[in-house]
Every structure is written in C-alpha cells, then in structure tokens.
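Overview (structure and organization)
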Amino acid sequence: MIRFCNLIIICFFSVCLPACNNNENEADPYIKIPPNKIDTIENNQILNTGIVHQKGFKLEKLNVIKNDILNPEERILVSTLQGLVAKSSSEQIYIDEGGPSSVWKEYMISSYNIEYRNYNSLDELIRYYKNKNIVKGYILYDRKNERSLTAATALCGPVSAIAVDKSIEQEAIKRGVDKKLFDVSDKTEKWVYENFPSAFTKKNVAELSFELNQHLRDYIALTNCFVFYDGITKWRTSVLKRLDEGAYCFGYGVDEFNMVADASAQGVSTLPAEAPNLSALSSIYDTEGLKQRPPANDVITEDNAHYVTFLISDGDNIAYNLWSQHSYFSHPLRGSIPIGHTISPSLYDLAPVALRWYYENASENDYFVCGPSGSSYIFPSRMPADKMDKYLDKLDKYADATGLTICNILDQGAINRMDIWNKYLSKPNIDALIYTGYGEAPRGSIQFSTNGKPVIEQRDNLWSGLEEEDTLIKNINSRPANPYSTDGYTLVFVHVWTKDMKNIKTVIDKLNPNVHVVTPDVFVKLVQKNLGKQAIKMNN
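What comes next is a walk through the structure. Bear in mind the structure is a predicted one, so any value in this text is a computation, not a measurement.

A closer look at helix 18 (residues 501–509)
- Turning to helix 18, its buried residues are Met501, Asn503, Ile504, Val507 and Ile508. Buried residues along helix 18 cover an arc of 160° about the axis, so they all sit on one side. The exposed set on the far side of helix 18, more than 90 degrees from its buried face, consists of Lys502 and Asp509.
- Residue Asp500 occupies the N-cap position of helix 18, its side-chain oxygen lying 3.0 Å from the main-chain nitrogen of Lys502.

Following this line, the structure appears as structure tokens:
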C-alpha cells in the first residue's frame, strides 16, 4: 500500500526549456545545468516497498486487455497508463500476452482472490481511467526518432502522463486524452535528464531498448525512474554514479559483461527485468508461507560414489523468470530428474505470484538457488568493498524470507577471493556459494569459508558449442568415485538457452552406475559433510 503519493509540479508551464546538445562531453560526462534553467518537477513520491523493491498499490481487481488487440504503439500507451494507475489504485491494468502471462493472471485470480474484468476495447479502458482523474495528459513522441520514445517513457511517471506516438495522437485525443504536456518527438532522454534532474527517484534507473513495447515501461512509470539506452558510455556511468547507495538498474543494455561491470563498480546492482505487468505483479502483498522447502538435512554418503548436480543458468533475469523459465519448468521430464534452478529472490517483491507458483509446483527433485550474484546481478569483485555490506544485508533478508540459501556467483577471475566469499558466508541465511566464472574454463575447486561453509566451483558445462553431451558424459565417467576427495564431485552448469531437460536426461542415462545425481541442497550437504571437517583442520 502507498503510504503517501504526491508529486509536486512547480510552475509547470512557466519555464521554456530548450533542447540540449546531445553530443557527449568526453572530458566531463556529467551534464551541467545552466543556472537560468530551473528544474520544475520534483520527485516527492513515496511508494511502499517490500524487502527491497518498490511496489504498486495493494491490488484488488484486474482490468485485463489482450495484447493481440493492440498495435505496438498502443501497447506502449497502455503500459505507461498501467504504471500511473498502480501508484494509487487497487484496480489495475493487466496486459495478457498469453503463455506464462496468462498463467500469472489466472493464479492471481484463483490464489489471491483478485477480481477481474476483461476489456475488449482500448477506447473503453482509457475512458474508464480518464474519468478517474489519474491521467493529466499525454507526452508526444515519434518512434522514427527512437530515443524520443525513451524520453517520453521517462517523463510519464513524474508528470502523470501517458506516452502517445505521433501515429496515434488523434486517436488518443478522440479517446479523451487531449492535453499535450510535452512534445519530445525530436528529443532524447539526455534532454530530459538535463532539464529535469530532480524528477526521478534515485533508488532505481532503467536501461531499456527502443525495440521493446510494453515490457518494463509500466514499472518505470510507477516508480518515476529515469530510463536510458546509451551503450557503455561515460554518460551512462555518470547517471549510475548519481543514484543512491544500493540502487538498482532495471533492464538490459547492449554488452552484458561491461554493463554489469560498470554498474557494479558504481555500487549499482543490475536487475534484468524487461517483463510486462510488473506494476500489477508487484502489487500483491500476501507473502505468507512464500518459502521453498527446507534443504536436505541428514544425507547418507556412499563410499564408492561420484556425486553430480546440475544447475540451470540465467535465473537472475526477472524476464526469464516470468516467461522462459515457466516453459522450461513445464517440460514433461521436469520432476523426474534432480535439477537445480536459479531464480531471482527479487520476485518476492516484484512478482510474488510467480515465485509462489514455482514453489507450489516444484517436486522433491527440484531445488532453487539464488541467481547470480544474490539478490541481483553483480560482479562481486568489481563492487567497492564498502558497498558490499549493504548488498549482502539485503541478500540475507531475501534468503531468510524465500529459503534461497544457496547463492550462485557469476564473476571473472575471482574464485580465490575468499575475502569476498567469507563476507557472503558470514551471513546466517547463506549456506553455500556456487561459483560460475564468466568466460572462464571451470576447474571444479572446492574451498571453505572461515566458518566452514563451501564455495563450490563448476567443473563442467552443458552448453551448445562449448561442452556437448558426449564430452560431458566422458568427463564425468572418467572421474574417481570418491566422495572424500574434491575430485569426487562434479557441478554442471547448464546453459538454459541451448540445452533443456531432454539434454540433461541424455547425460544422466549414460553415466556409470556409481555416479549419483542429486539436487544442489544434497550436493552441498555431502560436500560439507565429507570435505568440510578436513578443510577446517587444514585451515587451523
């Protein structure tokens, strides 16, 4: 529930704001605000938050419109309307894209007693909310100038406007939205950032491709967060530097490694989240019992055995959690073989309905692990040490709430950074780390923190073009069946975009009889039980 939601717009139309020079100043990437330019919009909005992330108003009813009756520009319009509505109304909008999108909608209705109404007309939906005085007007953009869409999206939340493309302006006016607040059709997000630097929250920022329509734009409007798409530039770094400590960058840029490395270096966490309906999904507040099953406690070791666990990649990605992971999880073989699934604990705040669905549909052969590198995607070795403490405090709270007590780490050249891993494992709710090196050849090392918790490095991949089934089978079968040795354990990292359950099953079916495949929680317990004591003795 929103405790207080208010936007102060001072002298809104009294200042003329000329366009800025879009050429980046390489010598000084910070944009300078001339003294005669008065910032006319202040972000005084206070949204309710979950453990970490901002949430919409408590949801009671969904007004549903199907994605396929909307053209791309109409989807953008509706998504910005979604965000505005979620600031203060319990009756919110849901764009039904079919597939997993329909699953979450139906699950909200059945499990959370959410009422709903289907809208078959965009006219009807807009007029309904126009009469509620939620929309103050529209911001005009021209998608032929891609960055004008980004500029319009940024301004929608702060000025309570919907984004309207030039191609549908007259239709919007006919639907009752006839007050044009800004025309940014020849502008970019840099113009917005220069002229309205106080309009946005400093808790979040978003990085969103011009090619996407409704995905993430609703949450951007809800939270009044600035949005950009600038590549890996000094200007991007300057935007990240100006955020509050512990801030998040939602979305995805053009270069995974460098975008995450750059954000991490500024103390900013990346949260890939180009998903639809986050405003409504975050507006669910019931998290009672939202915790995965307890990890294995007492495990039995077979002396002449080699132990293997499979961990599926990319669970840090909210968009993957809300779409492709559902399809992966619905594979007919899922549940018949032991599997580890990475997943984002941020779902607890942003989409608790989806996290509950996964937990309730999991079998004893499914176990969930925090996606890299905890509550969000960072490279821990790139994040300043003084920023890590707060990051890990958030992770520990999420682990306690969700039961995600094993954490996948994605980093480069950092497997031996026990100074960092000791910090992670000093947290009471983090039981183990699984290290997967970015672009590194895996070695399968196992180390222990000062308090006896394991840091387990992947030993193999199951990844098209990198390590195929036949190679993986040969590698595992050639290793010793000795659970009292590091070489007696193999953690396989499965690339979700190129390998599925069928590929994993193919490997399992051809392993030696004394090779045992277990879930990650059992794997961790076996490592700790059989290798931990001797490691502690060596450390002492």
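Still more to cover.
Examining helix 8 (residues 234–241)
- Here helix 8 lies mainly inside the structure; six of its eight residues are buried.
- Turning to helix 8, its buried residues are Trp235, Arg236, Thr237, Ser238, Val239 and Leu240.

So, the pattern of salt bridges
- All told, the structure shown has 28 salt bridges when counted by the stated rule.
- A salt bridge links Asp96 to Lys105; its shortest N-O distance comes to 2.9 Å.
- What makes Asp96 buried here is its relative accessible area of 5%.
- The partner of Asp521 in a salt bridge is Arg293, and the shortest N-O contact between them spans 3.2 Å. With Asp521 in helix 19 (residues 520–539) and Arg293 in the loop between helix 10 (278–281) and strand 13 (306–312), this pair connects stretches of sequence that are 228 residues apart.
- Given a relative accessible area of 2%, Asp521 falls into the buried group.
- Judged by its relative accessible area of 21%, Arg293 falls in the partly exposed class.
- Counted as one network, the salt bridges with shared partners bring together Glu74, Asp123, Glu171 and Arg175.

Considerations on the sheet that holds strand 10 (residues 226–228)
- Taken in spatial order, the four strands of this open sheet run 10-9-11-12, and their pairing is parallel. At either end of the open sheet lies a strand with only one pairing partner, and these are strand 10 and strand 12 (269–271). Neighbouring strand axes in the sheet, compared pairwise and without regard to direction, differ in orientation by 25° on average.
- In terms of strand pairing, strand 9 (residues 204–207) meets strand 10 through three bridges, oriented parallel. Across the sheet, the residue bridging to Glu207 is Phe228, located in strand 10.

What to know about the packing of helix 8 against helix 9 (residues 256–265)
- Look at helix 8 against helix 9: their axes get within 9 Å of each other, and the N-to-C directions meet at 40°. Viewed along their axes, helix 8 and helix 9 adopt a mutual orientation that is oblique. Judged by the sense of rotation from one axis to the other, the crossing of helix 8 with helix 9 is right-handed. Of helix 9, the residues touching helix 8 (which contributes Arg236, Thr237 and Leu240) are Met259, Asp262 and Ala263.
- When the residues that make up the contact of helix 8 with helix 9 are grouped by side-chain class, the tally is three nonpolar, one polar and two charged.

Brief notes about the pairing of strand 21 (residues 489–494)
- Of all six residues that make up strand 21, six are buried, and the element is covered over most of its length.
- Bridging between strand 13 and strand 21 involves six bridges; their strand directions are parallel. Residue pairing in the sheet places Thr309 in a bridge with Leu491 of strand 21.
- Where strand 20 (residues 460–462) and strand 21 come together, three bridges link them in parallel fashion. Note on strand 21: the bridge partner recorded for Asn461 is Phe493.
- Traced from strand 20 through helix 17 (residues 469–477) to strand 21, the parallel crossover comes out right-handed.

Side note on the nonpolar core
- Core analysis: the biggest nonpolar cluster contains 103 residues, and Phe226, Leu322, Trp421 and Tyr424 have the highest contact counts within it.
- Discounting chain neighbours no more than four positions away, the residues touching Trp421 are Pro380, Ile409, Asp411, Ala414, Ile415, Asn416, Leu433, Tyr435 and Val455.
- Core analysis: the next-biggest nonpolar cluster, separate from the first, contains 23 residues, Ile95, Tyr119, Ile134 and Leu140 among them.

Cut-off values and rules
Residues numbered from 1 in each chain as written. Predicted model: local features only at pLDDT ≥ 70, side-chain atom pairs only at ≥ 80, totals over all residues. Heavy atoms only, no water. Buried < 20%, exposed > 50% of the residue type's maximum accessible area, 1.4 Å probe, protein only. Helix = DSSP H or I, 4+ residues; strand = E, 2+ residues; numbered from the N terminus. Arc of directions from axis to C-beta. Polar contact = N/O pair within 3.5 Å; in protein donor to acceptor, adjacent residues only side chain to side chain. Salt bridge = Lys/Arg side-chain N within 4 Å of Asp/Glu carboxyl O. Pairing = 2+ DSSP bridges. Axes fitted to C-alpha atoms, helices over the stretch in contact; angles between N-to-C directions. Parallel < 35°, antiparallel > 145°, perpendicular 65-115°, else oblique. Left-handed = near helix turned anticlockwise from the far one by under 90°. Contact = heavy atoms within 4.5 Å. Nonpolar A, V, L, I, M, F, W, Y, C, P; charged D, E, K, R; others polar. Right-handed = clockwise from strand over helix to strand, strands pointing away. Core = buried A, V, L, I, M, F, W, Y, C linked by side-chain atoms within 4.5 Å.

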